[in-house]
Number of protein chains: 2
Amino acid sequence: MRFNVRVTVQAAADTPRVETRQQSQLLALLRDEGPLAKVELGERLELPRARLATEIAKLFEWNLVESGGPAASRGGRRSTLVKLADDLRFLAADIGATSIGVAVTDARCEVLAHIVEDYDIRKGPVSVLERLTQLSGKVLGEVTGRVIGAGVGLPGPVSFRDGMPVAPPIMPGWDRFPVRDRLASAWGCPVTVDNDVNVMALGERHAGVARSLNELIFVKVGTGIGCGIVLGGRVYRGVAGTAGDIGHIKLDDYGPACACGEVGCLEAYFGGAALARDALTLARSGRSTFLADLLGHKGELSARDVASAASAGDFAAANLVREGGRRLGHVVASLVSFLNPGMVVIGGGVSRLGHQLLAEVRSAVYRRSLPLATGNLPIVLSELGEMAGVIGAAWSATDHAFAATGSGAVG
Amino acid sequence: MRFNVRVTVQAAADTPRVETRQQSQLLALLRDEGPLAKVELGERLELPRARLATEIAKLFEWNLVESGGPAASRGGRRSTLVKLADDLRFLAADIGATSIGVAVTDARCEVLAHIVEDYDIRKGPVSVLERLTQLSGKVLGEVTGRVIGAGVGLPGPVSFRDGMPVAPPIMPGWDRFPVRDRLASAWGCPVTVDNDVNVMALGERHAGVARSLNELIFVKVGTGIGCGIVLGGRVYRGVAGTAGDIGHIKLDDYGPACACGEVGCLEAYFGGAALARDALTLARSGRSTFLADLLGHKGELSARDVASAASAGDFAAANLVREGGRRLGHVVASLVSFLNPGMVVIGGGVSRLGHQLLAEVRSAVYRRSLPLATGNLPIVLSELGEMAGVIGAAWSATDHAFAATGSGAVG
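What counts and how
Residues numbered from 1 in each chain as written. Chains lettered and ligands numbered in written order. Predicted model: local features only at pLDDT ≥ 70, side-chain atom pairs only at ≥ 80, totals over all residues. Heavy atoms only, no water. Buried < 20%, exposed > 50% of the residue type's maximum accessible area, 1.4 Å probe, protein only. Helix = DSSP H or I, 4+ residues; strand = E, 2+ residues; numbered from the N terminus. Arc of directions from axis to C-beta. Contact = heavy atoms within 4.5 Å. Phe/Tyr/Trp six-rings, centres within 6.5 Å; stacked < 30°, edge-to-face > 60°. Buried area = accessible area lost by both parts, 1.4 Å probe. Salt bridge = Lys/Arg side-chain N within 4 Å of Asp/Glu carboxyl O. Polar contact = N/O pair within 3.5 Å; in protein donor to acceptor, adjacent residues only side chain to side chain. Domains from an automatic or database assignment. Least-squares fit on C-alpha atoms with pLDDT ≥ 70 in both. Core = buried A, V, L, I, M, F, W, Y, C linked by side-chain atoms within 4.5 Å. Pairing = 2+ DSSP bridges. 1 Å grid on protein atoms, 1.4 Å probe; cavity = no way out; pocket = protein on both sides within 12 Å on 5 of 7 lines; lining within 4 Å. Points joined across faces, edges and corners; volume = space filled by probe spheres on them. Nonpolar A, V, L, I, M, F, W, Y, C, P; charged D, E, K, R; others polar. pLDDT = per-residue confidence, 0-100. Axes fitted to C-alpha atoms, helices over the stretch in contact; angles between N-to-C directions. Parallel < 35°, antiparallel > 145°, perpendicular 65-115°, else oblique. Left-handed = near helix turned anticlockwise from the far one by under 90°.

1. Points about helix α2 (residues 38-45) of chain B
Residues and elements named next belong to chain B. Inspection of α2 places Leu41, Gly42 and Leu45 among the buried residues, and these make up the whole buried set. Relative to the axis of α2, the buried residues are bounded by an arc of 100 degrees and lie together on one face. Summarising the contacts, the buried residues of α2 are in contact with α1 (21-33), β2 (36-37), α3 (49-61) and β4 (80-84). Trailing α2 by a residue or two, Glu46 shows a phi angle of about 50 degrees, which is positive.

2. Examining the packing of aromatic side chains
As enumerated under the stated definition, the model contains three aromatic pairs over all chains in all. For the pair Phe338 of chain A and Phe338 of chain B, a centre-to-centre distance of 6.3 Å together with 70 degrees between the ring planes defines the contact as edge-to-face. Of this pair, Phe338 of chain A sits in helix α11 (residues 315-339) while Phe338 of chain B is found in helix α11 (residues 315-339), placing the two residues in two different chains. Phe338 of chain A sits in the buried class, given a relative accessible area of 0%.

3. Description of the interface of chain A and chain B
Many descriptions give the size of an interface as the accessible area lost when the pieces come together. Listed by partner, the interface residues are 37 residues for chain A and 38 residues for chain B. Roughly 3200 Å² of surface becomes buried between chain A and chain B when both sides are summed, with 62% attributable to carbon and sulfur atoms. Its largest share of buried area at the contact with chain B, chain A owes to Phe338, Arg368 and Leu372 of chain A, together 24% of the area lost on that side. Between the two partners, chain A and chain B, sit four salt bridges. Between Asp253 of chain B and Arg367 of chain A there is a salt bridge, with its nearest N and O atoms 3.7 Å apart. Inspection of the chain A/chain B interface yields 18 residue pairs in polar contact (both at pLDDT 80 or more). Ranked by residues supplied to the side of chain A that touches chain B, first place goes to α11 of chain A with five residues.

4. Topic: the domain arrangement of chain A
Residue and element names in this part refer to chain A. Domain boundaries in chain A define domain 1 (1-208 + 392-411) and domain 2 (211-383). Look at where the C-alpha atoms of domain 1 and domain 2 centre, and you get two points 30 Å apart. At the junction of the two partners, domain 1 supplies 21 residues and domain 2 supplies 27 residues. Across the domain 1 to domain 2 interface the summed buried area is about 1900 Å²; carbon plus sulfur atoms make up 57%. For the domain 1 face of the interface with domain 2, the top three residues by lost area are Val197, Glu204 and Arg205, together amounting to 32%. Summed over the shared surface of domain 1 and domain 2, the number is three salt bridges. Between Arg234 and Asp399 there is a salt bridge whose closest N-O contact spans 2.9 Å. Summed over the shared surface of domain 1 and domain 2, the result is ten residue pairs in polar contact (both at pLDDT 80 or more).

5. Re the relation of the copies chain A and chain B
The two copies are related by a screw motion: chain A maps onto chain B through a turn of 180 degrees and a shift of 0.0 Å along the axis, at an RMSD of 0.1 Å. The two molecules are tied by a two-fold rotation axis, judged by turn and shift. In terms of proximity to the rotation axis, the leading residue of chain A is Leu335 of chain A, whose C-alpha is 3.8 Å off the axis. Most of the interface of chain A is mirrored in chain B: 100% of its interface residues are interface residues there too.

6. Remarks on the nonpolar core
If you look at the biggest cluster of nonpolar residues, it comprises 102 residues, and the most contacted ones within it are Leu328 and Phe338 of chain A together with Leu328 of chain B. With residues near it in sequence (within four places) discarded, Leu328 of chain A still touches Val219, Val221, Ile225, Leu266, Phe270, Leu357 and Val361 of chain A.

7. Observations concerning the sheet that holds strand β2 (residues 36-37) of chain A
Residue and element names in this part refer to chain A. Read from one edge to the other, the open sheet built from three strands follows the order β2-β4-β3, with strand pairing classed as antiparallel. With partners counted over all chains shown, the strands left at the sheet margins are β2 and β3 (65-70), one partner each. Strand direction decides the pairing type here: β3 and strand β4 (residues 80-84), joined by four bridges, are antiparallel. Residue pairing for β4: Pro70 is matched across the bridge by Thr80.

8. Here's the deal with empty space enclosed by the protein
Residue and element names in this part refer to chain A. For the structure shown, the criterion picks out one cavity of 30 Å³ or more. As for the largest cavity, its lining consists of 24 residues, of which Gly156, Pro157, Asn195, Ile225 and Asp245 are closest to the centre. Looking at the lining of the largest cavity, the elements with two or more residues in it are β11 (191-195), α6 (196-207) and β13 (225-231). Tallied by class, the residues present in the lining of the largest cavity amount to nine nonpolar, nine polar and six charged. Counting contributing residues, the lining of the largest cavity receives three or more from each of domain 1 (1-208 + 392-411) and domain 2 (211-383).

9. So, the side chain of Arg146 of chain B
Residue and element names in this part refer to chain B. Tracing the chain through its elements places Arg146 in strand β8 (residues 145-154). Here Arg146 falls in the buried class, since its relative accessible area comes to 12%. A distance of 2.6 Å separates a polar side-chain atom of Arg146 from the backbone oxygen of Asn63.

10. Quick look at the pairing of strand β7 (residues 111-118) of chain A
Residue and element names in this part refer to chain A. In the sheet, strand β6 (residues 99-105) pairs with β7 via seven bridges, with the strands oriented antiparallel. Paired with Ser99 across the two strands is Asp118, which belongs to β7. Connecting β6 to the next strand, β7, in antiparallel fashion are five residues, including Cys109 with a positive phi near 70 degrees.

11. Describing the environment of Asp86 of chain A
Residues and elements named next belong to chain A. Mapped onto the elements, Asp86 comes out in the loop between β4 and β5 (88-95). For Asp86, a relative accessible area of 48% corresponds to the partly exposed category. Of note is the side chain of Asp86, whose polar atom sits 3.1 Å from the side chain of Lys83.

12. A few points about the confidence of the model for chain A
Residues and elements named next belong to chain A. For chain A, per-residue confidence averages 89 on the pLDDT scale, and residues scoring 70 or more make up 93% of the total. For residues 1-5, every residue scores under 50 in pLDDT, and the model assigns this stretch 13 contacts once sequence neighbours within four places are set aside. Here residues 406-411 scores under 50 on pLDDT; set against residues more than four positions off or in separate chains, the count is 17 contacts.

13. Describing unusual backbone geometry
Even without being glycine, Ala167 of chain A reaches a positive phi, approximately 45 degrees. Its place among the elements puts Ala167 of chain A in the loop between β10 (164-165) and α5 (179-187).

14. Considering the pairing of β6 of chain A
Counting buried positions along β6 of chain A yields six of seven residues, so the element is predominantly enclosed. Between β5 of chain A and β6 of chain A, which pair antiparallel in sequence order, lie three residues.

15. Considerations on the packing of helix α8 (residues 272-284) of chain B against α11 of chain B
Residues and elements named next belong to chain B. Packing of α8 against α11 leaves a shortest axis separation of 11 Å and a crossing angle of 150 degrees. Accordingly, the angle class assigned to the pair α8 and α11 is roughly antiparallel. Judged by the sense of rotation from one axis to the other, the crossing of α8 with α11 is right-handed. Contacts from Leu275, Asp278, Ala279 and Leu282 of α8 reach α11 at Ala316, Ala317 and Leu320. Here the residues of the contact of α8 with α11 are counted per class, giving six nonpolar, no polar and one charged.

The structure is reproduced here in structure tokens:
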């Protein structure tokens with residue numbers, strides 16, 4: 001599949017590889033901070049003028065950067081602004097348990113076009129990836145430019161190196177399916193595949209509430225519960241790539257059954273499916289008239305309905321949120337004691353429960369973790385909401401595209 | 001205080017600073033691998049022959065390295081072995097809640113002399129540091145050489161940058177006491193101060209069971225319970241330096257009182273004091289005749305007595321170990337799910353409980369963490385035992401001494 005009308009997909013052979021660490025740093029700076037004067041780029045990278053000129057000339061030659069006109073004068077000779085080429089495009093996909101989101105961004109990860117629709121991950125990889133390429137065709141139709149890379153987030157454990165999911169609990173049929181390679185050949189550009197929570201953490205760090213923080217954890221509460229760990233500004237994956245998998249921390253040996261096959265997991269208490277199950281119980285038992293009415297009306301209940309009920313003041317629903325938030329809070333408190341991060345960000349669909357949830361988590365963490373670890377610790381809601389995934393996926397794609405040869409090059 | 005008889009303490013002004021990253025890498029290689037042929041050093045650092053010669057010449061000039069004679073021939077011209085100077089010495093102190101250990105090591109962190117004696121940390125910093133310098137005088141009397149650095153481990157949260165404890169729960173009077181600066185002026189050499197568990201983790205990684213592993217957690221169960229986290233081969237400290245503080249993870253809002261002022265902490269269930277308390281209950285209630293006999297004999301009971309009783313087959317004592325191991329195992333299982341490390345090492349005084357404890361922790365982790373995270377995960381006992389602290393403290397001191405100017409230099 002190629003998009004040749006208004007959007008060009010730059011074939012691997014046509015895209016020059018970023019050759020040096022300096023080129024890679026220049027591109028990352030321009031992505032993270034926008035147009036910069038040549039003289040400032042030289043200062044930031046501590047590069048002598050001649051060397052800087054050579055490196056930038058290469059980037060111009062490959063059409064990765066372009067001139068942004070004269071820079072504001074700082075006295076002395078006027079410098080020229082350099083910016084990332086306006087027509088660079090990245091595809092970014094956020095595949096959730098029940099939805100597919102896909103966006104086209106520019107090289108600064110600004111979303112230019114975005115579609116999201118409900119789609120069940122359990123339809124399997126062939127069906128989901130086919131729908132994804134259809135949607136990407138649509139969204140690419142809304143923009144012009146050259147697509148030079150793509151990033152994808154998946155709702156389960158992913159081998160980042162191999163670009164495929166590995167034993168994902170809620171994705172039947174996806175185990176070791178070569179997602180990266182299939183999409184790379186469909187889209188004709190390099191693709192990075194990562195766990196959705198890692199990708200959301202990167203999104204918040206690049207453009208959201210955690211901007212420029214180097215140590216943070218992003219807790220996603222959605223259909224699944226997971227955690228993205230950013231250390232030293234990079235996603236920390238662990239030795240087998242499963243770091244952050246807190247949804248299946250077992251809270252009780254005799255707790256409710258979980259989709260992973262175990263019992264008593266955090267996710268079995270507070271994931272989307274667990275909330276829907278508990279909502280049904282509240283509705284049927286008559287303990288929540290709000291939810292009973294909704295059930296009569298819609299015929300089913302979801303985690304979102306719990307959120308609506310709780311914010312409408314329904315006591316039983318609010319109690320569900322409190323209970324769940326308390327359990328999540330206990331787990332987060334342990335992580336905070338253990339890792340001493342600079343920020344905890346809470347996101348994902350269930351985070352629509354919003355400030356009630358946040359209050360419970362905060363209360364548990366501030367009560368249970370060491371004062372030193374919580375003294376300057378913001379615990380906040382995601383700022384990007386449902387855009388965190390695509391923005392992070394785009395960031396992951398640019399990171400790959402801008403890396404110097406050897407560590408993952410353009411093409 | 002200076003030791004001028006057989007041991008020289010090299011004054012700050014006399015010790016040249018390691019100038020370049022290459023010099024620093026050469027010293028670290030020689031520490032970690034022992035004498036190496038020049039030609040091999042060049043290959044390992046990918047340094048051209050002339051540059052290597054310049055860098056090594058500097059190290060010779062500063063008496064940091066010396067010749068180790070001709071290297072084994074690999075065909076072609078004979079190369080010369082280079083090794084760290086035989087007379088380099090480091091002081092390494094492991095201050096525990098109830099003991100002071102101090103060692104002199106060579107530059108490869110081999111212990112040349114070692115003293116350990118009981119001493120209560122609650123006597124306060126002036127008393128403890130005075131006793132430490134007396135003991136270091138003794139131990140230095142047993143060796144010859146030049147002391148060029150020292151490392152110290154303390155049983156509480158430490159600001160590594162400031163070289164002092166910060167709000168340590170079991171160290172009354174130590175808060176913000178300038179340990180590093182006091183010892184540096186007493187010893188006349190640079191000193192690094194770190195949390196004891198971080199230091200033990202480094203010891204196991206340098207010379208123990210975790211040799212050359214880059215991702216590991218070291219869990220210490222002693223008077224206190226803590227955890228050292230090694231990521232990318234370095235100690236991970238968190239944003240406020242409290243990472244790894246798992247002893248005060250709260251297991252129960254209505255649990256036993258803890259020395260930190262809270263209730264229900266892991267340490268309040270399974271630290272040394274908690275075990276001694278429970279042992280007393282078992283002895284007095286007659287549920288353990290073994291412990292009752294010991295109590296009659298000694299007038300008091302310690303965590304060690306629980307270990308003896310359990311290995312002698314005392315049912316009630318073995319049960320204490322099982323219960324505690326299970327609680328510790330639950331916490332470790334969460335950490336494994338979260339961080340996906342390459343190894344878990346269990347050490348500290350209570351780890352004398354040995355294989356019974358190990359069995360409980362393993363059972364909890366293998367049952368409660370994701371199969372992917374535990375598939376290749378060794379959970380093992382410390383290999384260095386009570387030497388882990390001094391060896392790690394020595395490693396920390398060499399790391400500082402061998403660092404190039406700017407990131408912590410010799411002198």
